[in-house]
Amino acid sequence: MQKYWGVIFALVLLGACKEDKSTLVQNEEAKVAQVETPVITHFGFNLDEFKVKRDTVKRGDSFGELMLENKVDYPKIAKISEDFKDTFDVRKIRVGKPYLILKSKDTTEKAEVFIYENDPINYTVVDFRDSVLAYKRKKEVKYVEREASGVIETSLSEAILDQGIDYNVTNNLSEIYAWTIDFFRLQKGDKFKVIYKEKYINDSIYAGAGPIEAAYFEHNGRPVYAFAYENDSLKGGVIDYYDEEANNLRRTFLRAPVKFSRISSRYNLKRRIRYYGYKVRPHKGTDYAAPIGTPIMATADGTVVESTRRGGNGKFVKIRHNGTYSTQYLHMKAQNVKKGDYVRQGDIIGWIGMTGNTGGPHVCYRFWKNGKQVDPLKEDLPLAEPLDEKLRPDYFAYINPLKDQLDCIAYPEKIEEDLLTLNEIDGTK
Ligand SMILES: [Zn+2]
């Protein structure tokens, strides 16, 4: 009997997730397209009608000289630099920017159109054919929804790169989960799934990952869903991430004052140090090791109550967040705030250094609760404002299909076997 249930359950799952297969196939196709992209962008011109010269602006290039070389009359060049300054400031062409010169196909090879790519999306056209003309245009940008998943072997960024996913997705994931998951203690076997958008220009040129729409992260066997939702339509575009029960994923404090570092020493009241003859020297902070100059962030909004240099603490900043909590950041190379400043969560308040008593570059992060130093990694930190009751019905209706979609994303097959085969082929170990 139990067997039957197993079969039925599997069938139901398959049914619910069927649609997903086609999306996966699309993903594969998109990846292939992305690699090939020999694309000729037209910028509104049929390039076959011209002799096309593509190049980038080199040091010392001037628009005037480039055009003179390509047989544009001086008065036309002068007209562009005078009459179209607002559209195209010829003095501001920048080294490294790509441009196209469309030349006549006859023997004169006279430049007829100059196209300057301001950035991957915006470009400027200078048309010399009749009376001189300059105008700005945008390439068509499309968003394509993508799904991705991974199982952590060594690190999140590696799991993401292994899947060929944009690096920005790592960044965005760690920001979404900065309050709920301790990214310094990710474990082998932690998993994630993510639905996000990719930007494409003219249907084919990849232009980066957009924001994450929904995600699932399983750390230490504990699942945390995240759904992007505009929590205040009046303010316009205030996006926050909430879980499947509409709890805000943000806490009033960030888990750590630095991005992508490692904890070199945890809060430990019974720490013994050889240097002191193994006597107990409590460590009332959490040390985050990172290279000198790494930005240190305020973990919550508050007022700077100290920004000074003193003894073993070296250069430090202390922030009072409210009547209960204060935080302190030691051994800075330099501070970026002064006493009395009001800082927002995530503001850079200084940089990692080695001032005071320290064996290597790190920030000693101290967390004060009611005047006592406690271990922030063990504190149940207060939640940011929850989703308004009125918005909840709309929220649940919105996330339901997204949650189903997330649940249906499969994890990648283990890649170790592939690596083994590859190694066998090329003979390396
Ligand atoms: Zn410390």
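Because the structure is predicted, anything quoted here is derived from the model rather than measured.

### A closer look at the overall build of the protein chain
A count of helical and extended segments in the protein chain gives seven helices and 22 strands. Looking at the protein chain as a whole, 41% of its 429 residues are labelled buried. Expressed as a percentage of contacts within the protein chain between residues at least 6 apart in sequence, the contacts between residues at least 24 apart total 63%. Carbon together with sulfur atoms contributes 52% to the accessible area of the protein chain, which is approximately 24,500 Å² in total.

### As for the sheet that holds strand 2 (residues 98-103)
Reading across from one edge, 1-2-3-4-5 is the order of the five strands in this open sheet, with antiparallel pairing throughout. The strands lining the two open edges of the sheet, one partner per strand, are strand 1 (51-56) and strand 5 (133-138). Each strand axis lies, on average, 20° off the axis of its neighbour in the sheet, ignoring direction. Pairing analysis gives five bridges linking strand 2 to strand 3 (residues 111-117), with the strands arranged antiparallel. Across the sheet, the residue bridging to leucine 102 is valine 113, located in strand 3.

### Brief notes about unusual backbone geometry
Trans peptide bonds make up the majority, and among non-glycine residues the majority have a negative phi. Residue lysine 71 is not a glycine yet carries a positive backbone phi of 70°. We classify lysine 71 as partly exposed; its relative accessible area is 46%. Residue alanine 246 is not a glycine yet carries a positive backbone phi of 70°. Its location among the elements puts alanine 246 in the loop between strand 10 (239-242) and strand 11 (262-265).

### A short note on the nonpolar core
Counting residues in hydrophobic clusters, the biggest one holds 25 residues, and the most contacted among them are Tyr288, Ile296, Val317, Ile319, Tyr329 and Ile349. At the level of secondary structure, the elements contributing two or more residues to this core comprise strand 17 (314-320), strand 18 (325-335), strand 20 (348-352) and strand 21 (362-369).

Scoring rules and cut-offs
Note on numbering: residues in each chain are counted from 1, in written sequence order. A pLDDT threshold of at least 70 governs which residues receive local features in this predicted model, and a stricter bar of 80 or more applies before side-chain atom pairs are shown or counted, although totals over entire chains, interfaces and linings include all residues. With hydrogens and water excluded, all non-hydrogen atoms of the structure serve as input to the side-chain values. The numbering of helices and of strands both runs from the N terminus, where a helix is a DSSP run of H or I of at least 4 residues and a strand a run of E of at least 2. When a residue's accessible area, from a 1.4 Å probe over protein chains only, is under 20% of the maximum for its type it is buried; when over 50% it is exposed; and in between it is partly exposed. Contacts are residue-level and defined by heavy atoms, with any inter-residue pair within 4.5 Å sufficient. Each accessible area is a Shrake-Rupley estimate made with a 1.4 Å probe; only the visible protein chains count as cover when residues are assessed. Two strands are counted as paired when DSSP detects at least two bridges linking them. Working convention: axes come from line fits to C-alpha atoms, limited for helices to the stretch in contact. Angles between N-to-C directions cover 0 to 180 degrees. Joining through side-chain atoms within 4.5 Å is the link that ties buried Ala, Val, Leu, Ile, Met, Phe, Trp, Tyr and Cys residues into a set, and such a set is a nonpolar core.

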